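As a plain string of letters, each chain reads:
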Amino acid sequence: SMNEFFEVCLGGLITLPAAFIFLGIAAGGQSTFDLGFKALPNVFAKMPAGQFFGFLWFFMLFVAAITSSLSMLQPVIAFLEEGFGLKRHASATFLGLISAIGCGFVLYFSRGTIALDTFDFWVGSVLILVLAFIQAIFYGWFFGIERGEMEAHRGAHIRIPRFVQYMLKYIVPVYLLVIFIAFCWENVLSKEKPAFTADTHYTQVLGEREAHDEVRALFSDHKIQLPNPTGIEVRQTDAWYLLDQHKAIQFVIRQVGDELQVFQYKTGYLERIRSNVVVFSSVMFILVLLAFLLVLVHIAGKRWAADGRLDDLDM
């Protein structure tokens, strides 16, 4: 209740109106990150005693992040204590060492926050969905909804409706699997989406290294604003690639017969991983850490089986 009070009441009822008052309707299109670290600093700069309230705001964000981190790290500490018989200080030290390595990796590749964004996306978005799918499968098909319902209601005063158990067993795994497959279909491989067609006389200005004003006018006529600067590369016969300042492909122009076909290019995650050293290193870091965790789980499982702690699962 206290968590929801601070997030909804203090976060929503104060932050959004304050940003709207000082920044106008533009505040409505801000993400939560932009509101906290971009919009609100502008608010504090315009309000009386803004430095004081800004200090309080970021101090509370820091405290919120620390407390959330503690709650997320506690299950790993408990796992090390119960799985390997380590003392609490040893478990915390071991986990702190792993966390320090991860923080050092992010700080070393801090330029453009590429490593941090990669960690946030693959762990905070993709692997959370995978974990939810695995948990639903284990709960519904291995642990069993009958035993799960019994455990959930042990010592409880409020009963969970029966249909929730069937949802966890049948609907949730299928729903999450469909979402994951759709995500992979749309985002893993790079795609070219048709945008418009043009006359072949534009090939005369596509041979330059940067987009000519005539090329920019062509895209503007189709309500598309090219990034500035926009480079042009010829990688295939009768094909031109329009790149932004980071050398990322934005559009592909191909000559087909007597016309030019313009495609909007969507870079897939597989290409991003292969073409960017930092992204590749970040993904490999995640995979190595995940493999290490699975090895620890396997070793702990062997210890628990030898101690007879897993015998109850056969009931």
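Attention in this report is confined to the structure presented alongside it. Fair warning: this is a prediction, and the values are worked out from it, not measured in the lab.

1. Considering unusual backbone geometry
Next, step 1: Put simply, Asn228 and Pro229 share a cis peptide bond, and its omega is 0°.
Next, step 2: Note on placement: Pro229 falls in the loop between helix 7 (213-221) and strand 2 (231-236).
Next, step 3: Although it is not a glycine, Ala49 adopts a positive phi angle of roughly 55°.
Next, step 4: Assignment of secondary structure puts Ala49 in the loop between helix 2 (32-46) and helix 3 (50-84).
Next, step 5: Residues other than glycine seldom take positive phi values, yet Lys223 does so here, at roughly 60°.

2. Things to note about the pairing of strand 4 (residues 249-256)
Next, step 1: In the sheet, strand 3 (residues 239-243) pairs with strand 4 via five bridges, with the strands oriented antiparallel. Residue pairing across strands places Ala239 opposite Arg254, the latter belonging to strand 4.
Next, step 2: In this antiparallel pair of consecutive strands, strand 3 and strand 4, the connection spans five residues, and Lys247 shows a positive phi of 65°.
Next, step 3: As defined by bridge partners, strand 4 adjoins strand 5 (residues 259-266) across six bridges and the pair is classed as antiparallel. Each bridged residue has a counterpart across the sheet, and for Ile253 the counterpart in strand 5 is Val262.

3. As for the sheet that holds strand 3
Next, step 1: Pairing is antiparallel in the open sheet, where five strands are placed in the order 1-5-4-3-2. With one partner strand each, in any of the chains shown, strand 1 (191-199) and strand 2 form the two edges of the open sheet. Averaged over all pairs of adjacent strands, the angle between their axes in this sheet comes to 25°, without regard to strand direction.
Next, step 2: The strands that helix 7 touches are strand 1, strand 3, strand 4 and strand 5; relative to strand 1, the one it contacts most, it runs at about 110°.

4. Some thoughts on helix 3
Next, step 1: Between the first and last C-alpha of helix 3 there are 50 Å, a value that for 35 residues agrees with the 51 Å anticipated at 1.5 Å per step.
Next, step 2: Along its length, helix 3 reaches its greatest deviation from straightness, about 30°, at Leu73, and the proline Pro75 lies no more than four positions downstream.
Next, step 3: The positive-phi residue at the C-terminal boundary of helix 3 is Gly85, with phi of around 70°.

5. Here's the deal with helix 6 (residues 162-187)
Next, step 1: A rise of 1.5 Å per residue sets the reference length of helix 6, with its 26 residues, at 38 Å; its end C-alpha atoms lie 37 Å apart and thus fit the reference within 8%.
Next, step 2: Of all the bends found along helix 6, the most pronounced is centred on Leu168 and spans about 45°.
Next, step 3: Among the residues of helix 6, those classed as buried are Gln165, Lys169, Pro173, Leu176 and Asn187.
Next, step 4: Buried residues along helix 6 sit in contact with helix 5 (114-153), strand 5 and helix 8 (269-275).

6. Things to note about the pattern of salt bridges
Next, step 1: Tallied over the full model, the rule gives five salt bridges.
Next, step 2: We note a salt bridge from Glu149 to Arg162, for which the minimum N-O separation is 2.3 Å. In this pair, Glu149 is assigned in helix 5 and Arg162 in helix 6, connecting sequence segments 13 residues apart.
Next, step 3: For Glu149, a relative accessible area of 11% translates into the label buried.

7. Things to note about a nonpolar patch on the surface
Next, step 1: Together, Ile134, Phe138, Trp141, Phe142, Phe163, Tyr166, Met167, Tyr170, Ile171, Tyr175 and Ile179 line one region of the surface with nonpolar side chains, adding up to about 1,200 Å² of accessible area.
Next, step 2: Elements that contribute at least two residues to the nonpolar patch include exactly helix 5 and helix 6.
Next, step 3: By residue number, the principal contributor to the nonpolar patch is helix 6, which donates seven residues.
Next, step 4: Checked against the element boundaries, Tyr170 lands in helix 6.

What counts, and where the lines are drawn
Here the residue index of a chain counts from 1 through its sequence in written order. Totals for whole chains, interfaces and linings use every residue, but because this is a predicted model, local features are given only for residues with pLDDT of at least 70 and side-chain atom pairs only at 80 or more, for both listing and counting. Excluding hydrogens and water, the side-chain figures rest on all heavy atoms present in the structure. The secondary structure listing takes helices from DSSP runs of H or I that are at least 4 residues long and strands from runs of E that are at least 2 residues long, numbered from the N terminus. The pairing criterion for strands is at least two bridges between them, as found by DSSP. Fitting a line to C-alpha atoms yields each axis, with helices limited to the stretch in contact; the angle taken between N-to-C directions then spans 0 to 180 degrees. Should any heavy atoms of two residues lie within 4.5 Å, those residues are counted as being in contact. To estimate the expected span of a helix, subtract one from its residue number and multiply by 1.5 Å. Two axes enter the bend calculation: one fitted to the seven residues ending at the residue in question, the other to the seven starting there, and the bend is the angle between them. Partly exposed residues are those whose accessible area sits between 20% and 50% of the maximum for their type, while under 20% is buried and over 50% is exposed, using a 1.4 Å probe and protein chains only. Should a side-chain nitrogen of Lys or Arg be within 4 Å of a carboxyl oxygen of Asp or Glu, the pair is scored as a salt bridge. Each patch is built from salt-bridge-free residues with over 30% relative accessible area, joining like charges within 9 Å and nonpolar side chains (Val, Leu, Ile, Met, Phe, Trp, Tyr) within 5 Å. For accessible areas, the Shrake-Rupley method is used with a probe of radius 1.4 Å. Any residue's cover is judged against the shown protein chains and nothing else.

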